[in-house]
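So you can see what is in the structure, the chains are spelled out below.
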Amino acid sequence: MTSSAVLDALRSLDTPTVCNALEVVAPRRRGHGYTVDPLVCARPDLPPIVGFARTARIRAQHPNTADPKQARRASVGYYEYLASGEGPTITVIQDLDDGARGYGAFWGEVNSNIHRGLGCLGVITDGSIRDLDDVAEGFQLLAGRIGPSHAFVHVVDYGGPVTVAGMAVSDGDLIHADQHGAVVVPADVADQVEAAADLIARRERVIIDAAKQPDFDFDKLRAAWGEAAEIH
């Protein structure tokens, strides 16, 4: 179980900084584990969110063809699943309408308030979002697009692996997200991210401070690189 202190430390960092730190503490993750496709951030002014993934897959382009009882079980079961387990949570939803992702929005005023009330901090989806002025206070949304209608949107399944914007996510993964996108933080290195981020920041500060000087030139850049490399 990830401690509240580790979660607080992660919240103090933006997502690019977390990605930088993961390159140090989990170099095998340098090329994957984060969103790579563009996402719309509905609330870029909100601070980063950190939580444990709840996953689901949806469709919206056509009516649900499942047996009505089965469809109801999937819908109700999703919310029961959302409310279970370790929190806070972040919902990661993959839209299965290939070629028409975002045809209908699962997200708006009602669903954002339900999710917020059940301890969910936000959503990451390659589908669409709507009702932007009426979304639950403090709830973050990263989505493939903005749209006006929910069409025939319905939950296909939940709790399994999903891939959203190039980021593969499993149930319970630790997620960090902000206006830049999202990244999965491996549980075994989560407590090392803050220190790695601090080391990177101290090294970068030497170079940035040098670059801001009026007499900055390549020789001073090379000297700053050397000074930064000596910081441990």
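Residues numbered from 1 in each chain as written. Predicted model: local features only at pLDDT ≥ 70, side-chain atom pairs only at ≥ 80, totals over all residues. Heavy atoms only, no water.

### Observations concerning the packing of helix α5 (residues 193-211) against helix α6 (residues 218-229)
Turning to step 1, where the next piece is worked out: It is the contact of α5 with α6, at a shortest axis distance of 8 Å, that shows an interaxial angle of 160 degrees. Taken together, the axes of α5 and α6 lie roughly antiparallel to each other. For the crossing formed where α5 meets α6, the hand is right-handed. Within the contact between the two elements, α5 uses Arg 203, Val 206, Ile 207 and Ala 210 and α6 uses Leu 221, Ala 224, Trp 225, Glu 227 and Ala 228.
Turning to step 2, where the next piece is worked out: In terms of residue class, the contact of α5 with α6 is built from seven nonpolar, no polar and two charged. (Axes fitted to C-alpha atoms, helices over the stretch in contact; angles between N-to-C directions. Helix = DSSP H or I, 4+ residues; strand = E, 2+ residues; numbered from the N terminus. Parallel < 35°, antiparallel > 145°, perpendicular 65-115°, else oblique. Left-handed = near helix turned anticlockwise from the far one by under 90°. Contact = heavy atoms within 4.5 Å. Nonpolar A, V, L, I, M, F, W, Y, C, P; charged D, E, K, R; others polar.)

### Some points on helix α2 (residues 15-25)
Turning to step 1, where the next piece is worked out: For α2, every residue scored as buried is listed here: Thr 15, Val 18, Ala 21, Leu 22 and Val 25. Across the axial projection of α2, the buried residues extend over an arc of 115 degrees, all falling on one side.
Turning to step 2, where the next piece is worked out: Residues of α2 that are buried sit in contact with β12 (174-178), β13 (181-185) and α5. (Buried < 20%, exposed > 50% of the residue type's maximum accessible area, 1.4 Å probe, protein only. Arc of directions from axis to C-beta.)

### Focus on the nonpolar core
Turning to step 1, where the next piece is worked out: Leu 10, Val 18, Leu 22, Leu 174, Val 185 and Val 193 are the most contacted members of the largest nonpolar core, which has 19 residues in total.
Turning to step 2, where the next piece is worked out: It is α2 that contributes the most residues to this core, four residues altogether.
Turning to step 3, where the next piece is worked out: Once residues lying within four places of it in the same chain are set aside, the contact partners of Leu 22 are Pro 27, Val 183, Val 184, Val 185, Pro 186, Val 189 and Val 193. (Core = buried A, V, L, I, M, F, W, Y, C linked by side-chain atoms within 4.5 Å.)

### Here we look at the state of the cysteines
Turning to step 1, where the next piece is worked out: Evaluated as defined, the whole model comprises zero disulfides.
Turning to step 2, where the next piece is worked out: Here Cys 19 is not cross-linked by a disulfide; its sulfur's nearest cysteine counterpart is in Cys 41, at 15 Å.
Turning to step 3, where the next piece is worked out: Looking at the unpaired Cys 41, the closest cysteine sulfur is the one in Cys 120, lying at 15 Å. (Disulfide = S-S within 2.5 Å.)

### Points about the pairing of strand β2 (residues 49-59)
Turning to step 1, where the next piece is worked out: Most of β2 sits out of view: nine of its 11 residues are buried.
Turning to step 2, where the next piece is worked out: In this structure, β2 lies alongside β12, joined through four bridges in antiparallel fashion. Paired with Val 50 across the strands is His 176, a residue of β12.
Turning to step 3, where the next piece is worked out: Sheet topology places β2 next to strand β3 (residues 89-95); seven bridges connect them, and they run parallel. Across the sheet, the residue bridging to Phe 52 is Thr 89, located in β3.
Turning to step 4, where the next piece is worked out: In this fold, the crossover linking β2 to β3 by way of helix α3 (residues 68-82) has right-handed handedness. (Pairing = 2+ DSSP bridges. Right-handed = clockwise from strand over helix to strand, strands pointing away.)

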